[in-house]
Amino acid sequence: MYRQLFKPLIDKIVAFILLLITLPVTVIVTLLLSVYNDGKPFFFQLRPGLNGQIFRIVKFKTMNDKRDAQGYLLPDAERLTAVGAFVRKTSLDELPQLINVLKGEMSLVGPRPLLVEYLPLYNNRQSRRHEVKPGITGWAQVNGRNTISWQQKFDYDVYYVEYLSFVFDVKILWMTLSKVFKSEGINSNQSATMEKFKGNH
């Protein structure tokens, strides 16, 4: 009952309220990122959602598009702007995804939507993360986010799928607030973002 009816309803109500409350912050961040990212404050990318259905996610763009002499994008750490670093540290880059929640493509809580290119790399158990809508935050995010291994991340995702409940969601949201204030688990040990998933070897 909760998974099918109340969770989607709660998602949309809370997302709408949060969009209104955070509107002043959203406007300020949009303007600042427009300056630092050559008029491109938002980042759009196709991601797999419920049952692997593809949708377009929207986030604040925290990295510029600077390239080297050969035309290749510079490493993430070199493209992360000062404003972008602050936006990412405070998790403000996730705010625009409230629009995805309102559209029914995402949930407030669930496995993070990863890259489309990862779909054929999952084993059967890892693919279970797509049995629920992806979330802005999730069990893996409050247990290490980008500092844990891919296997740990997938284990947390599947655990969430198996034990999804209202109480579990509230717990994750509460832990998320704590993590945001402490700015924990934003970056991996190797790079400014999580290393790419290369399959199960």
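These numbers were taken from a predicted model, which means no experiment stands behind them.

Cut-off values and rules
Residues numbered from 1 in each chain as written. Predicted model: local features only at pLDDT ≥ 70, side-chain atom pairs only at ≥ 80, totals over all residues. Heavy atoms only, no water. Helix = DSSP H or I, 4+ residues; strand = E, 2+ residues; numbered from the N terminus. Rg over C-alpha atoms; globule rule 2.2 N^0.38 Å. Buried < 20%, exposed > 50% of the residue type's maximum accessible area, 1.4 Å probe, protein only. Areas by Shrake-Rupley, 256 points an atom, 1.4 Å probe, with all protein chains shown as cover. Lys, Arg positive; Asp, Glu negative; His and termini not counted. Charge placed at Lys NZ, Arg CZ, Asp CG, Glu CD. pLDDT = per-residue confidence, 0-100. Contact = heavy atoms within 4.5 Å. 1 Å grid on protein atoms, 1.4 Å probe; cavity = no way out; pocket = protein on both sides within 12 Å on 5 of 7 lines; lining within 4 Å. Points joined across faces, edges and corners; volume = space filled by probe spheres on them. Nonpolar A, V, L, I, M, F, W, Y, C, P; charged D, E, K, R; others polar. Patch = residues over 30% accessible without salt bridge, like charges linked within 9 Å, V, L, I, M, F, W, Y side chains within 5 Å. Salt bridge = Lys/Arg side-chain N within 4 Å of Asp/Glu carboxyl O.

**Focus: the overall build of the protein chain**
Next up, step 1: In terms of helices and strands, the protein chain carries seven helices and four strands.
Next up, step 2: Moving toward the C terminus, one meets the helices and strands of the protein chain in the order α-α-β-β-α-α-α-β-β-α-α.
Next up, step 3: For 201 residues, the compact-globule estimate of 2.2 N^0.38 gives 17 Å, and the C-alpha radius of gyration of the protein chain, at 17 Å, lies within 12% of that figure.
Next up, step 4: The principal-axis extents of the C-alpha atoms in the protein chain amount to approximately 50 × 45 × 30 Å.
Next up, step 5: Within the protein chain, the proportion of its 201 residues that are buried is 44%.
Next up, step 6: Summed over its atoms, the accessible surface of the protein chain is roughly 11,200 Å², and 62% of this surface lies on carbon and sulfur atoms.
Next up, step 7: In the protein chain, the 26 positive side-chain charges and the 17 negative ones have mean positions that sit 2 Å from each other.

**A word on the confidence of the model for the protein chain**
Next up, step 1: Chain-level pLDDT for the protein chain is 89 on average; 94% of the residues reach the 70-or-more range.
Next up, step 2: Taken together, the stretch residues 186–191 has pLDDT below 50 and engages in 15 contacts with residues farther than four places along the chain or on a different chain.

**Quick word on unusual backbone geometry**
Next up, step 1: One non-glycine residue, D38, lies in the positive phi region at around 55°.
Next up, step 2: As for its placement among the helices and strands, D38 is situated in the loop between α2 (23–36) and β1 (42–48).
Next up, step 3: Even without glycine at this site, S91 takes up a positive phi of about 65°.
Next up, step 4: Here S91 shows up in the loop between α4 (82–89) and α5 (97–102).

**Focus: the layout of surface pockets**
Next up, step 1: In this structure, the second largest pocket occupies an estimated 190 Å³ of space.
Next up, step 2: R3, Q4, K7, P8, D11, L50, S107, E131, V132, K133 and L164 together form the lining of the second largest pocket.
Next up, step 3: The greatest single-element share of the lining of the second largest pocket, amounting to five residues, is contributed by helix α1 (residues 2–21).
Next up, step 4: Residues belonging to the lining of the second largest pocket are distributed by class as follows: four nonpolar, two polar and five charged.

**Some remarks on a nonpolar patch on the surface**
Next up, step 1: On the surface, L9, I13, F16, I17, L18, L20, I21 and L102 cluster together into a nonpolar patch covering about 720 Å² of accessible area.
Next up, step 2: Tracing the backbone through its elements, the reader meets L9 in helix α1.
Next up, step 3: Note on L9: relative accessible area 46%, which makes it partly exposed.

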